[in-house]
Amino acid sequence: MRIVVAGATGAVGHPLVGALRARGHQVSALVREESRARAPEADAVVVADALDREALSAAVSDAHPDVVVHQLSALRLLRDDPPGAFARTARLRTEGTANLVAAARAAGARRLVAQSIAFAAAPTGEAVVDEDAPLYVDAPDPGWAATVRAVAELESQVLDGTAELSGLVLRYGTLYGPGTAYARTGGGTAQRVLAGKFPLPEGGAGVTSFLHVEDAVGAAVAAVESEATGAFHITDDEPAPAAQWLPHYARALDAPPPRTIPAAMAPRLLGWFMAHQLTTAAGASNARARTELGWKPLRPSWRDGLGQE
């Protein structure tokens, strides 16, 4: 098939181009002009900003894709400009998605696969939830509420398509591995843990579902080659409370054990979102992806690599 990967310089998009080519597909890597030097080896490199509707449509049409893959984000900017990274990512999930859907339709693509997140569910008291759980669009933190509303809009645009453009959403778990915040070398979260600046709120009851980058790539390949539609949690098999994974992660990094703090202090010391993740967040079940998408993680547990690379 002819495939356009938008966001081809990201932690998932970059290796995805190679994985799709290894399967015999003809892949065009869609990048912005300033990211051209980081583009992966591809059958073609096409240049356009997803927020420029006309340029994006022209670039996608030139590639004549059967499938368009949406891996767009601006999270590369997190370390230097967190507010800017989240604001641009929200635009890419809303305005950028709308532009990409329109471009895919205009180019005659039959399928659109888009990345989302598996940790946007509202707390319901359940430790692990499926894809039918409500999203946390009314979170008390304005920044997280805006992020989740952007995620909800992305999913609606992708899944509310016409029969001519079938849509599938991959809700990735918390990514670890090369190029992520949890990477041993250069990862922002890893650096905080190594510096002893990532405390564990008392109880550590918040549940995280992790996902290695290689498994995110594998799920995207499966989605491209599948006829399935809908939203799927793409996570490993072992949702874990913070009380389990954070001390393990610190040991894997040869970092000092995380100190325990009162849960009430967590938002001030860690920020609202991380406090939520460590105290009240729910994990995500991957059962639907296993049965309907035919995908399963090659790294079924975060214990197999979190903090090791």
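The paragraphs below set out a description of the structure included in this document. It should be emphasised that the depicted structure is a prediction, and the values quoted were computed from it without experimental measurement.

On to the overall build of the protein. On a plain count of helices and strands, the protein comes out with 10 helices and 15 strands. In terms of C-alpha radius of gyration, the protein reaches 19 Å, essentially the compact-globule figure of 19 Å for 309 residues. In terms of its C-alpha atoms, the protein occupies a principal-axis envelope of roughly 55 × 35 × 35 Å. By residue count, 51% of the 309 residues in the protein fall in the buried class.

Now for the packing of aromatic side chains. In the structure shown here, the tally under the stated rule is 11 aromatic pairs. With centroids separated by 6.2 Å and ring planes inclined at 50 degrees, the aromatic side chains of F119 and F273 adopt a geometry described as tilted. Taken together, the positions of F119 in the loop between β5 (111-117) and β6 (128-129) and F273 in helix α9 (residues 272-279) put the pair 154 residues apart, joining distant regions of the chain. Relative to W245, the ring of F210 has its centre 5.1 Å away and its plane inclined at 80 degrees; by these criteria the two rings are edge-to-face. With F210 in strand β11 (residues 210-212) and W245 in helix α7 (residues 242-252), the pair connects residues that are 35 residues apart, well separated along the chain. A residue is classified by how much of its surface remains accessible, and F210, at 0% relative accessible area, is buried. For W245, a relative accessible area of 0% puts it in the buried group. Members of the aromatic cluster, joined through ring pairs, are Y176, Y182, F210, W245, Y249 and W302.

The contact between helix α1 (residues 13-22) and helix α6 (residues 213-225) brings their axes to 9 Å, and the two run at 50 degrees. Classified by the angle between their axes, α1 and α6 sit oblique to one another. Considering how the two elements wind past one another, α1 and α6 form a crossing that is right-handed. Only V213, V217, A220, V221 and V224 of α6 make contact with α1, whose side of the interface consists of P15, L16, A19 and L20. Residue classes in the contact of α1 with α6 are distributed as nine nonpolar, no polar and no charged.

Looking only at α9, the buried set comprises M274, A275, H276, Q277 and L278. Buried residues in α9 make contact with β8 (174-176), β9 (200-201), β10 (207-208), α7 and α8 (266-270).

It is worth spelling out the nonpolar core at this point. Nonpolar side chains tend toward joint burial in soluble globular proteins. Core analysis: the biggest nonpolar cluster contains 33 residues, and V5, L170, I234 and L293 have the highest contact counts within it. When contributions to this core are tallied by element, the ones reaching two or more residues are β1 (2-6), α1, β2 (26-31), β4 (67-70), β7 (166-172), α6, β12 (230-234) and α10 (287-293). Among the elements that make up this core, the one with the highest residue count is α6 (nine residues). Setting aside anything within four residues of it in sequence, one finds L170 in contact with V113, A114, Q115, S116, A219, A220, A223, F232, I234 and L293. Core analysis: the second largest hydrophobic core is formed by 28 residues, V4, V46, A74 and L100 among them.

Residues of helix α2 (residues 53-63) that are buried: L56, A59, V60 and A63. Buried residues of α2, viewed axially, fall in a sector of 95 degrees; they line one side. Every exposed residue of α2 that faces more than 90 degrees away from the buried side is listed here: E54 and D62. The secondary structure elements touched by the buried residues of α2 are β1, β2, β3 (44-47), β4 and α3 (82-107). Backbone geometry just after α2 places H64 at a positive phi near 50 degrees.

Once that is clear, we can look at the side chain of E155. Inspection of the secondary structure puts E155 in helix α4 (residues 142-159). Since its relative accessible area comes to 7%, E155 is described here as buried. With sequence-adjacent residues up to four places away left out, E155 is seen in contact with S116, L135, V169 and R171.

Counting buried residues along β2, five of its six residues qualify, which places the element largely inside the surrounding structure. Pairing of β1 with β2 involves five bridges; the strand directions are parallel. Opposite V4, over in β2, you have S28 as the bridge partner. Relative to β3, β2 runs parallel, the two sharing four bridges. Its bridge partner being in β3, L30 is matched across the sheet by V46.

This brings us to the sheet that holds β7. Working definition: the strands of a sheet are paired by backbone hydrogen bonds and lie parallel or antiparallel to each other. Reading across from one edge, β3-β2-β1-β4-β5-β7-β12 is the order of the seven strands in this open sheet, with parallel pairing throughout. Of all strands in the sheet, those bounded by a partner on one side alone are β3 and β12. Between one strand axis and the next, the sheet turns by 20 degrees as a mean value, whatever way the strands run. Of the pairings in the sheet, the one linking β4 to β5 comprises four bridges and is parallel in character. In the strand pairing of β5, V68 is matched with L112. Packing against the sheet, α1 makes contact with β1, β2 and β4, and its axis sits at approximately 170 degrees to β1.

Thresholds, definitions, all that
- Residues numbered from 1 in each chain as written.
- Predicted model: local features only at pLDDT ≥ 70, side-chain atom pairs only at ≥ 80, totals over all residues.
- Heavy atoms only, no water.
- Helix = DSSP H or I, 4+ residues; strand = E, 2+ residues; numbered from the N terminus.
- Rg over C-alpha atoms; globule rule 2.2 N^0.38 Å.
- Buried < 20%, exposed > 50% of the residue type's maximum accessible area, 1.4 Å probe, protein only.
- Phe/Tyr/Trp six-rings, centres within 6.5 Å; stacked < 30°, edge-to-face > 60°.
- Axes fitted to C-alpha atoms, helices over the stretch in contact; angles between N-to-C directions.
- Parallel < 35°, antiparallel > 145°, perpendicular 65-115°, else oblique.
- Left-handed = near helix turned anticlockwise from the far one by under 90°.
- Contact = heavy atoms within 4.5 Å.
- Nonpolar A, V, L, I, M, F, W, Y, C, P; charged D, E, K, R; others polar.
- Core = buried A, V, L, I, M, F, W, Y, C linked by side-chain atoms within 4.5 Å.
- Arc of directions from axis to C-beta.
- Pairing = 2+ DSSP bridges.

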